[in-house]
Structures are given as C-alpha cells and as structure tokens.
Amino acid sequence: MAGPTTADRGARKPNGQRPSSPSSGSGKPGKPSRSGSGSGGSGQPGRSGRAPGRSPSRVFRLRMLLAVSALVVLSGAGIWLLYGSSWLRIEEVRVAGTTVLTPREVERAAAVPVGSPLVSVDLDGIEARLRQEMPRIDSVEAVRSWPRGVELTVVERKPVLLVEEGGKFVELDAKGVRFATVDTPPKGLPLLEATGLQPSSLRRFGEQRLVREAVRATSGLPPGAARALRSVEIRSYDFITMKLTQGRTVMWGSGDDGEAKARALAALLKAQPDARYFDVSAPTAPAASGS
C-alpha cells in the first residue's frame, strides 16, 4: 500500500490542528491591518492627520499684522490731532492772581504764541520770561487749559519796606528784594534808612545782606509795634533801631533772636506804656526809659 504523499503530509498539523487558509482563499474577508488605516487606499484620514485649514502660526501672524497696522493708524491720527489740526491750537490766555498788575500786562509780557499747537507750547519758557520781565511777580505757574487755552497764575510780591531814592520810592519785599519803583509811597509802609552803614560792616556783609537783616527784624515785631512802625535804621549787622509813633524808639540790635525780642518788647510796652526808649537787643535783660 502506498503511503501518504508529500502534499497530504503538509496538509496535516500535529495534535489534530487544521491548517489555516490564506485570507484570499477564505470565504470571509480578513481583518485589515493597522498599517492599512492610513491614507493609502482607504480614502479616510489617518489618526494623526489634520483637517484642511490655516495653521495656528499663520493665524497669529495675521492677527499681529492687523494689530500693528491699527496702532500705526491710531498713532498717526493722534499726532495729526495734536500738531496738525486746528482743534487743539491756542486761542485764549487767562491770567489769575494779579493785584497791582493787570491781566493785560501779564499776558503781553508772557508772549504766549496764540495759534500754535497747544501741546508744543513752552510753559517753562513763559514762566521764566515773566519772572525776568516783571520783577513784581514772585512766582508764576503756566498750565495748559485744554482744548484751546493757557492759564497763568501769578503771585505778586508784597512790599514791607520802602527806600527813598531821588524823590521816588523803591519797594522791598520780605526777602529784601527790590522789585518796583513808585512815585507815591503806599500808605502805612515804613521807610528803611541805610545811608549811615558802617564801612567795616558794609565790607564784611555787603549792603544786600544788611538790608535783609533789617527786613528780618521788622518781620519779628509784635502786632502792636508793627502797626506803629514808621521807619527802620540800620548802621551795622547788630545795630538796628526802629521808630514808632508817639516818638518812641526801639533798639533791636541784630536780626537774631527775633521771637525772644518780640516777647520782651510786648511786655515792656504793656508794663511801661509811657516810655520812649525800649532796648531789647539783649532779650534776657530788656530795658525801658524816658517818659
């Protein structure tokens, strides 16, 4: 009897297993492999594929371009509005704070460039020009008043003493600054006499310093004596005398220790109202004499 052929042996498996048939020969289709799920042949997008459209980087660049363009347009419009348009140009100058000076005088000295762009006006230059051309002005502040104005607020110097020169009167403020010359002295202002200055004191301190000391001395007077003050004489740094009404004289000394001297003088005027000479140059030992 002939044995099984080679084909028969190959068709059998050990342990009774049946041979597997190829998928092409089977009646049932085989499962597709994972590699077949890609774009090659199935027509469906793979798991890692993206839907067609703009990439995020391209969208970001587009948005940045639009933002920069808008910023450039807005900046150009703002510059034109501030410098090129007629809407924000100076048309009005307002002045406040004057007492002796007139607003028209201040406006003329300020020389504000009416018609120029408000944003470019030189406020510091206007303030410096006013202080230089108008010594009566102690301080000034120039500010923009949008949309079309400039406002000037001035503080004038207040005279506290007068110096007679050539038939006219020079006004001095509380800092000893000479700021104006008038033909008629303002009522109630005392005169400063500084014609008898000692040469040694003049060389050491200078006239301006000595004048400031005289002003400082008068600023320390008690209210009653200040109202009665008629003149101040200074001969040296530590020799200042004051003339009051009713022929009274006060020896003040230097401008130092003003508060203590004021208290001593007030006490003397109260204790000895009929005295004519009061010495407070040494405030710890004041004295009064005459009647």
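What counts as what
- Residues numbered from 1 in each chain as written.
- Predicted model: local features only at pLDDT ≥ 70, side-chain atom pairs only at ≥ 80, totals over all residues.
- Heavy atoms only, no water.
- Salt bridge = Lys/Arg side-chain N within 4 Å of Asp/Glu carboxyl O.
- Helix = DSSP H or I, 4+ residues; strand = E, 2+ residues; numbered from the N terminus.
- Buried < 20%, exposed > 50% of the residue type's maximum accessible area, 1.4 Å probe, protein only.
- Core = buried A, V, L, I, M, F, W, Y, C linked by side-chain atoms within 4.5 Å.
- Contact = heavy atoms within 4.5 Å.
- Pairing = 2+ DSSP bridges.
- Axes fitted to C-alpha atoms, helices over the stretch in contact; angles between N-to-C directions.
- Phe/Tyr/Trp six-rings, centres within 6.5 Å; stacked < 30°, edge-to-face > 60°.

Caption draft 1: Representation of the pattern of salt bridges in the model. As enumerated under the stated definition, the model contains 15 salt bridges in all. The closest approach of N and O atoms between R157 and D138, which form a salt bridge, is 3.4 Å. Separated by 19 residues along the polypeptide, R157 in the loop between β3 (149–156) and β4 (161–165) and D138 in strand β2 (residues 137–145) bring together distant segments of the chain. A residue is classified by how much of its surface remains accessible, and D138, at 29% relative accessible area, is partly exposed. In this structure, D256 and R216 form a salt bridge, with 2.9 Å as the shortest nitrogen-oxygen distance. Here R216 lies in helix α6 (residues 207–219) and D256 lies in the loop between β10 (249–253) and α8 (258–271), a separation of 40 residues in the sequence. Using a relative accessible area of 30% as the deciding quantity, one classes D256 as partly exposed.

Caption draft 2: Layout of the nonpolar core. Residues L192, V232, I234, M242, V250, W252 and L265 are the most contacted members of the largest nonpolar core, which totals 32 residues. Secondary structure elements with two or more residues in this core: β4, β5 (168–172), α6, α7 (223–228), β8 (229–236), β9 (239–244), β10 and α8. Here V250 is in contact with I240, T241, M242, L244, L265, F278 and V280, once residues within four sequence places are set aside.

Caption draft 3: Quick peek at the sheet that holds β3. Here three strands make up an open sheet; going across it, the order is β1-β3-β2 and the pairing mixed. Each edge of the open sheet carries a strand with a single partner, namely β1 (92–96) and β2. Across the sheet, the mean angle from the axis of one strand to that of its neighbour is 20°, orientation sign disregarded. Looking at chain direction, β2 and β3 are connected through eight bridges and run antiparallel. Residue pairing across strands places S139 opposite V155, the latter belonging to β3. Along the sheet face, helix α4 (residues 123–133) touches β2 and β3 and points at about 155° away from the line of β2.

Caption draft 4: Representation of the packing of aromatic side chains. What the rule picks out here adds up to one aromatic pair. Note on F205 and Y237: the rings are 4.6 Å apart at their centroids and 15° apart in plane angle, and the pair reads as stacked. Taken together, the residues F205 in helix α5 (residues 199–205) and Y237 in the loop between β8 and β9 connect sequence positions 32 residues apart. On the basis of relative accessible area, Y237 is assigned to the buried category, the value being 17%.

Caption draft 5: Structural view of unusual backbone geometry. A cis amide bond, omega 10°, links W146 with the succeeding residue P147. Positionally, P147 belongs in the loop between β2 and β3. Although it is not a glycine, D257 adopts a positive phi angle of roughly 55°. Assignment of secondary structure puts D257 in the loop between β10 and α8. By relative accessible area, which is 52% here, D257 ends up exposed.

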